[in-house]
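# Coordinate analysis (summary)
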Amino acid sequence: MSAPLERIQRVRNSVLPSQTTPEQRFWRAYKTPLLVKEHGAISHINFCPSGTHDFVVTSGARVQIFSARTRQVIRTIARFKDTAYSGEFRPDGKLLVAGDATGLIQVFDTKSRSILLTLNPTNQATHVTVFHPKTLTTLLSGSDDQTLRLWDITSSEPTSVFKSHTDYIRAASFLSPASDNVVTGCYDGFIRIFDPRVPNEPTLSLSHGAPVEATLPLTGTTVLSAGGPSVKVWDLVAGKMVKDLGNFQKTVTSLHVGGSSGSPSGANAVLAGGLDGHVKVFDTTSWEVKFGWKFGDAVLTTAISPDQKHFVTGLTSGVLSIRTRKTDPRVKQGVKQNKSGNFARMIRGADYKGENEHQILIDDERRSRRKKLRLFERHLNAFRWREALDAAFAPGMAPELTVTVLDELKRRGKVRISLAGRDEGQLEPLVKWAVRNIDDFRNVEVVADWMACVADMYGSVIEKSPVLEDLVSELQRKLTRQVEIAREARRLEGMLEMLIQSH
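Residues numbered from 1 in each chain as written. Predicted model: local features only at pLDDT ≥ 70, side-chain atom pairs only at ≥ 80, totals over all residues. Heavy atoms only, no water.

### Digging into the sheet that holds strand E5 (residues 73-77)
How we decide: When DSSP finds two or more bridges between a pair of strands, those strands are recorded as paired. To qualify as a helix, a DSSP run of H or I must reach at least 4 residues; to qualify as a strand, a run of E must reach at least 2; elements of each kind are numbered from the N terminus. Structural elements are reduced to axes, namely lines fitted to C-alpha atoms, with helices fitted over the stretch in contact, and the angle between N-to-C directions of any two is expressed from 0 to 180 degrees.
Strand order in the open sheet formed by four strands is E2-E3-E4-E5, and the pairing between neighbours is antiparallel. A strand with exactly one partner marks an edge of an open sheet, and here the two such strands are strand E2 (42-47) and E5. Along the sheet, successive strands turn relative to each other by an average axial angle of 20 degrees, direction set aside. Of the strand pairs in this sheet, strand E4 (residues 62-66) and E5 are connected by four bridges, and their pairing is antiparallel. Bridging across to E5, Phe66 finds its partner in Val73.

The structure is reproduced here in structure tokens:
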């Protein structure tokens, strides 16, 4: 009695390292871009820290509030006499503040769009307005009159005034939610730390070396500043720069914290956009670029929603780019829902097959045992070696199955028999496969064995065939390049060993 024929075991290649990191896959998930054309350059974007995380866009002489759910405009505030600047939500989302080119500061109700407070501290443009992250009645403003002001919105007079700047103020924010200290960036090239308890004079001044466009406090002791084609990281305790990120070709205009506990990088990501059209993601542990986007125009501002769902960028051309990351569905798709009890009772016994029920089960088990053989398996079982080799290069054949056939023919000692009696057209698929796979170290041994037999058996045919000769020449060039790469790797390995031993 003959034994059952065992199926050929498929070759399982070793798993190569992933070509993308978890951080890259996270940032790459921001797809489905929505482009909105505004009348003027997009100067500022801010997400509401609470609620549904709607975002406000400042462009031209108006401020627009976009819905985070529909990505459409839900409210437009156009009560400005000139260009509006720095539209910002209050942390609770109930109020909105913005300045304009006439120096006016206005506080709006986000629901009714009515003006609740108007401040007119100067006749020069107010480019910075921001609420305190904890104290809801505290407001910060910076103007082109080189003056920084702290306000209590319950009164019309500033509580603190700082006049130490010597040029336009373009960036200002509170250093941390737990304090009233303020960090500013000025066109005189300095970033300054102010304490409201110390009148007028800054507690710390640091030279950026170029007009400062943006500042970003990471912690109470670490601040980033952007100006010129670089971003600098400052340690406020030591009072010195710890890192200079010169990854841009033109002026960096925007900084934003891009990580959260929901992202693979935790809270260790910072986004920086510049006039070269690039927005780059930096890892705050190594300060290396982890990802980036290229836009068709200069980037003025960029922001990411607190829930990591939307990534919004504003360009000088007036184009607003809204990218959304797909989130997991709340209800799993394809899961069969349980029917009601009445329905179950109604269909009870509908699938009963009578006396044939057990026979059907036995037949189903027998059918499940029968597995359809692949074409190359049928050829190998019938000892048709040439046809098995041809089937290995059939269209749609998985790379692992091709290697499986070649290994099986080699194991059975049928390499020369399967190659015998072939012409130029029948050899071409094998040689093309060898050229494509010589770069993969997992297939080098298989390629070498088969191509050695081809060269031995069909050397004269290759010399007379321009197509095969070109393929063999390409194979030789690739092989030479791989040998050079291996030698260079050995040299680098030796250098590293010497360095390790010297230390």
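### Digging into the pattern of salt bridges
To be explicit about the condition: What makes a salt bridge here is a side-chain nitrogen of Lys or Arg within 4 Å of a carboxyl oxygen of Asp or Glu, nothing more. Exposed residues in this analysis have more than 50% of their type's maximum accessible area, buried residues have under 20%, and partly exposed residues fall in between, with area computed by a 1.4 Å probe over protein chains only.
Per the stated rule, a full pass over the model turns up 19 salt bridges. Where Asp195 meets Arg197, a salt bridge forms, and the shortest distance between an N and an O atom there is 2.8 Å. Here Asp195 falls in the buried class, since its relative accessible area comes to 10%. Arg416 is the salt-bridge partner of Asp456, the closest N and O atoms lying 2.6 Å from each other. Of this pair, Asp456 sits in helix H9 (residues 444-457) while Arg416 is found in helix H7 (residues 415-419), placing the two residues 40 residues apart along the sequence. Overall, the relative accessible area of 52% leaves Asp456 in the exposed class. Three or more residues joined by partner-sharing salt bridges are found here, namely Glu408, Arg411 and Arg412.

### What about the sheet that holds strand E28 (residues 319-325)?
Sheet architecture is open: four strands sit in the order E1-E28-E27-E26, paired in antiparallel fashion. Every other strand in the sheet has two partners, leaving strand E1 (30-37) and strand E26 (299-304) as the edge strands with one partner each. With direction set aside, neighbouring strand axes in the sheet form an average angle of 15 degrees. Note that E1 and E28 share six bridges and pair antiparallel. In the strand pairing of E28, Tyr30 is matched with Arg325.

### Description of the packing of aromatic side chains
Any two aromatic rings considered together are summarised by their centre-to-centre distance and by the angle between their planes. Which entries qualify depends on this criterion: Only Phe, Tyr and Trp rings are paired, with Trp represented by its six-membered ring, and only when their centres lie within 6.5 Å; those with planes under 30 degrees apart are stacked, over 60 edge-to-face, the remainder tilted. Lysine and arginine charges are scored as sitting over a ring when NZ or CZ, respectively, is within 6 Å of the ring centre and within 35 degrees of the ring normal.
Scanning the entire structure with this criterion turns up 16 aromatic pairs. Taking the centre distance of 5.9 Å and the plane angle of 65 degrees together, the rings of Phe383 and Trp385 count as edge-to-face. With relative accessibility at 59%, the residue Phe383 sits in the exposed group. The exposure class of Trp385 is buried, given its relative accessible area of 12%. Among the aromatic residues, those joined into a cluster by ring pairs are Phe26, Trp27, Tyr30, Phe291, Trp293, Phe295 and Phe311. The cationic tip of Lys280 hangs over the ring face of Phe248; the distance from NZ or CZ to the ring centre is 4.9 Å.

### As for the side chain of Ser141
Operational definition: Two N or O atoms form a polar contact when they lie within 3.5 Å of each other; inside protein one atom must be a possible hydrogen donor and the other a possible acceptor, and for residues adjacent in sequence the pair counts only when both atoms belong to side chains. Contacts were defined at the residue level, with two residues in contact if any of their heavy atoms lie within 4.5 Å.
In this fold, Ser141 is placed in strand E11 (residues 138-143). Judged by its relative accessible area of 0%, Ser141 is buried. Within the local environment of Ser141, its side chain forms a polar contact with the side chain of Trp151, the two groups lying 2.8 Å apart. Beyond its immediate chain neighbours, meaning those up to four positions away, Ser141 contacts Ile105, Thr126, Val128, Thr129, Thr147, Leu148, Arg149 and Trp151.

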